[in-house]
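# Fold and contact review
One letter stands for each residue in the lines below.
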Amino acid sequence: VCGYVTKNKYCLKDHYDRLHSTRDQECDICKMKMTKLQLRDHLRKRHIEEVCQQCGVTVKNLKKHIKTMHVPDEEKPYPCPQCSRGFVSKKCLEAHIMNVHTKTRPYKCRYGCEFAYNDSSNRNQHEKKKHGGLYKN
């Protein structure tokens, strides 16, 4: 279909299921349509909760929880250059630097009031609550 080549028929089937099969599967919980392989991952990441054996907390994404909460900071791939914290992604590191070290608030209210936020979702919530809806230009 696309020229993808592999020596392993299972990898080829996985590739096909992820990228080329029709979105004929529906999540029984949220009704999203996706491929069969995507549905398996979707259920595991979005709807099935698991209990962490290390700390007892219930989470939707156990793998992410373990990487974030139980891997020592010095073993994480993105160390903060200003303190000893480590992060599992560049995005998490950047958010940490903005929130802890620079304390920047780049997401200003688009209605012109004095409020500003460190992420767009907080700004959007403010606009909905205080101004009745998201700003439209």
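Below you will find a few notes about this structure. (Residues numbered from 1 in each chain as written. Predicted model: local features only at pLDDT ≥ 70, side-chain atom pairs only at ≥ 80, totals over all residues. Heavy atoms only, no water.)

## A few points about the side chain of Glu127
Structurally, Glu127 is set in helix H5 (residues 120-131). The class of Glu127 is buried, set by a relative accessible area of 0%. Non-local contacts of Glu127, meaning those with residues more than four positions away in its chain, are made with Lys108, Cys109, Arg110, Tyr111, Gly132, Gly133, Leu134 and Tyr135. (Helix = DSSP H or I, 4+ residues; strand = E, 2+ residues; numbered from the N terminus. Buried < 20%, exposed > 50% of the residue type's maximum accessible area, 1.4 Å probe, protein only. Contact = heavy atoms within 4.5 Å.)

## Some points on unusual backbone geometry
The residue Lys31 is not glycine, and still its phi comes out positive at about 70°. With respect to the helices and strands, Lys31 occurs in the loop between strand E1 (25-26) and strand E2 (33-34). For Lys31, a relative accessible area of 48% translates into the label partly exposed. The phi dihedral of Lys103 falls on the positive side, at around 50°, and the residue is not glycine. Along the chain, the position of Lys103 falls in the loop between helix H4 (90-102) and strand E7 (107-108). By relative accessible area, which is 55% here, Lys103 ends up exposed.

## Describing the packing of aromatic side chains
In this structure the tally under the stated criterion is 1 aromatic pair. When the ring of Tyr111 is compared with that of Tyr135, the centres are 5.3 Å apart and the planes differ by 90°; the resulting orientation is edge-to-face. Of this pair, Tyr111 sits in the loop between E7 and strand E8 (116-117) while Tyr135 sits in the segment after H5, and the two are 24 residues apart along the sequence. For Tyr111, a relative accessible area of 37% translates into the label partly exposed. Using a relative accessible area of 34% as the deciding quantity, one classes Tyr135 as partly exposed. (Phe/Tyr/Trp six-rings, centres within 6.5 Å; stacked < 30°, edge-to-face > 60°.)

## Looking at the environment of Lys130
In this fold, Lys130 is placed in helix H5. The class for Lys130 is exposed, based on a relative accessible area of 61%. Note: C-alpha distance between Lys130 and Cys113 (17 residues apart in sequence) is 10.0 Å.

## Focus on the layout of surface pockets
If you add up the space inside the largest pocket, you get close to 180 Å³. Every residue lining the largest pocket is listed: Lys91, Glu94, Ala95, Met98, Tyr107, Asn118, Asp119 and Ser120. Split by residue class, the lining of the largest pocket holds 3 nonpolar, 2 polar and 3 charged. (1 Å grid on protein atoms, 1.4 Å probe; cavity = no way out; pocket = protein on both sides within 12 Å on 5 of 7 lines; lining within 4 Å. Points joined across faces, edges and corners; volume = space filled by probe spheres on them. Nonpolar A, V, L, I, M, F, W, Y, C, P; charged D, E, K, R; others polar.)

## Topic: the environment of Tyr111
Along the primary structure Tyr111 and Gly132 are separated by 21 residues, whereas in three dimensions their C-alpha atoms are 11 Å apart. Ignoring any residue separated from it by four or fewer positions in sequence, one finds Tyr111 in contact with Glu127, His131, Gly133, Leu134 and Tyr135. At a separation of 2.9 Å, a polar atom in the side chain of Tyr111 contacts the main-chain carbonyl oxygen of Gly133. Looking at Tyr111, its side chain comes within polar contact range of the main-chain oxygen of Leu134, at 3.4 Å. (Polar contact = N/O pair within 3.5 Å; in protein donor to acceptor, adjacent residues only side chain to side chain.)

## Side note on H4
Along H4, the positions that sit buried rather than exposed are Leu93, His96, Ile97 and Met98. Of the surrounding secondary structure, the elements contacted by the buried residues of H4 are strand E5 (78-79) and strand E6 (86-87). Downstream of H4 by one or two residues, Lys103 has phi in the positive range, about 50°.

In short, shape yes, function no, at least from these values alone.
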